[in-house]
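Structural characterization, general
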Amino acid sequence: MTGSRLLAGRDLALGSEGLAEHERRLGPLPAAGASVIELLIRSGLTGRGGAAYPAGLKWRSVAAQSDGTAVVIVNGAEGEPRSLKDRLLMTTRPHLILDGAFLAARAVRARQVVLYIGEEHRSSQDSMARALAERTDEERRLVRTVAAPARYVAGASSASVHLVDAGIATPTTTPPSAHERGVDGAPTLVQNVETLAQVALIARSGNATGTLLVTVAGGVSRPGVLEIQAHTTVAEAVELAGGVSEPPHAVLLGGYFGTWITAAKAWDLPLDHDALRARGLSLGCGVIGVLPGSRCVVCEVAGIMRYLASESSAQCGPCFFGLRALADACTRIAERGTDPVDLQRLQRWSAEVKGRGACHHPDGAVMFLQSALATFPDDFAGHRAHLRVSA
């Protein structure tokens, strides 16, 4: 088999890969059922949507509770503003994702597969629809397509379940979880599109690919999506993206729910879920955001906090009021200069909001802010007034 990488073997500029070309490149979809679950467990594949939970264990849990009514949700919402990897996969390798989805449906004995694609990702929607039209009648009958709203919270597993069930993409942490009782009360497997594409390759080769997709954004010469080997360093990934466009100040690793790291400390970090976890870090949704030295980190943090506050699903006070208060305090510091009272408020309020929300959105926003305060104490303590900061 050739092309046993997600993006290798074909010029991506050619657009969506058709079924005939897909099967020439990789061979037909293996006739695997439940056996693929143990294969995934042995491979060590973890989810690529952000949580990095072991995929095989997730599938096993759903399969154990399925009586033929399970549902598979193919999560292509990709609401993280800087992430592009899922859209690239859907527009160029749609059959690889569908292969993974149908393998999942067999493994957990699902009655339905839901393609959950961001409503603004029009090219992805079109590509996946064309690919689905090439599949067998039996496969097509399993599938329905649902548009995910263009909201940051819409990519959460619980939000996808609620949208399919009730038409509102509202996330929650209230038990039971989707794998126990999801769509229509049935056990539901929610899996990111990159994870499913990896499954399709593992099912063919019997081994993990050893690669992952990352989006390199910000101060680099060629921002975009890369497929890299696990343990590639941040510096090596940046070099593959053409190198820095100017001396960097910092790296935001993992997207808007990620961690700020000074450039000096970030450069040698290995881009591997387990290696980062051992350092108390996470690759999250796979975004490597390089902040140029000419950009103000306080203003950057304030803008992102305003965005995250605006993306609240307004289910609870800590999220709806707490994040707005934190964003407003950040913005006052960015626009007017350092205020010791507002700095104290940021520390106190972030501690009070954490762990009190109806979903994980306020926790992610607060962890992002606390990371900035811990990584750039001098920037926040000595910040001078700037012009108005946009969200």
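Conventions we followed
- Residues numbered from 1 in each chain as written.
- Predicted model: local features only at pLDDT ≥ 70, side-chain atom pairs only at ≥ 80, totals over all residues.
- Heavy atoms only, no water.
- Pairing = 2+ DSSP bridges.
- Helix = DSSP H or I, 4+ residues; strand = E, 2+ residues; numbered from the N terminus.
- Axes fitted to C-alpha atoms, helices over the stretch in contact; angles between N-to-C directions.
- Contact = heavy atoms within 4.5 Å.
- Salt bridge = Lys/Arg side-chain N within 4 Å of Asp/Glu carboxyl O.
- Buried < 20%, exposed > 50% of the residue type's maximum accessible area, 1.4 Å probe, protein only.
- Phe/Tyr/Trp six-rings, centres within 6.5 Å; stacked < 30°, edge-to-face > 60°.
- Polar contact = N/O pair within 3.5 Å; in protein donor to acceptor, adjacent residues only side chain to side chain.

Here we come to the sheet that holds strand β8 (residues 259-262). Pairing is mixed across the open sheet formed by 5 strands, whose spatial order is β6-β5-β9-β7-β8. Among the strands making up the open sheet, the edge pair consists of β6 (224-229) and β8. Mean inter-strand twist for the sheet, computed between neighbouring axes without regard to direction, equals 30°. One ladder, built from 4 bridges, connects strand β7 (residues 248-253) with β8; its direction is antiparallel. Paired with leucine 253 across the bridge in β8 is threonine 259. Each of β7 and β8 touches helix α16 (residues 361-375); the most contacted strand, β8, lies at about 20° to it.

Considering all chains together, one arrives at 18 salt bridges under this definition. A salt bridge links arginine 25 to glutamate 17, with the shortest nitrogen-to-oxygen separation between them at 2.9 Å. Between arginine 111 and aspartate 184 there is a salt bridge, with the nearest N and O atoms lying 3.1 Å from each other. With arginine 111 in strand β2 (residues 110-118) and aspartate 184 in the loop between α8 (157-166) and β4 (188-192), this pair connects stretches of sequence that are 73 residues apart. Looking at arginine 111, the relative accessible area reads 34%, which means it is partly exposed. Given a relative accessible area of 59%, aspartate 184 falls into the exposed group. Ionic contacts of the salt-bridge type, sharing partners, join the residues Arg48, Lys85, Asp86 and Glu194 into one network.

Attention now goes to the packing of aromatic side chains. Inspection of the entire model under this criterion finds 7 aromatic pairs. With centroids separated by 6.4 Å and ring planes inclined at 15°, the aromatic side chains of tyrosine 152 and tyrosine 256 adopt a geometry described as stacked. Here tyrosine 256 lies in the loop between β7 and β8 and tyrosine 152 lies in the loop between β3 (143-148) and α8, a separation of 104 residues in the sequence. Each member of the pair, tyrosine 152 as well as tyrosine 256, carries the same accessibility label: buried. Following the ring pairs from residue to residue traces out a cluster consisting of Tyr152, Tyr256, Phe257 and Tyr307.

Looking at α8, one finds that the buried residues are Ser158, Ala159, Ser160, Val161, Leu163 and Val164. Where α8 is buried, its residues touch β1 (70-76), β2, β3 and β4. At the exit of α8 stands glycine 167, carrying a positive phi of roughly 85°.

With respect to the helices and strands, histidine 361 occurs in helix α16. Judged by relative accessible area, which is 3%, histidine 361 ranks as buried. A polar contact of 2.8 Å, which involves the side chain of histidine 361, links it to the backbone oxygen of leucine 308.

It is worth spelling out the pairing of strand β5 (residues 211-218) at this point. Here β5 lies mainly inside the structure; 7 of its 8 residues are buried. Examined bridge by bridge, β5 and β6 share 6 bridges and lie antiparallel to one another. What sits directly across from valine 214, in β6, is leucine 226. Alignment of β5 against strand β9 (residues 287-292), held across 4 bridges, turns out to be parallel. The residue bridging glycine 218 from the neighbouring strand is valine 290, located in β9.

Turning to the sheet that holds β4, a few remarks are in order. Overall, parallel pairing links the 4 strands, which are arranged β3-β2-β1-β4 in an open sheet. Edge positions in the open sheet fall to β3 and β4, since each of these has one partner strand only. Adjacent strand axes in the sheet meet at a mean angle of 20° when their direction is disregarded. Both β1 and β2 contribute to a ladder of 7 bridges, which runs parallel. Bridged to valine 72 within β2 is valine 113.

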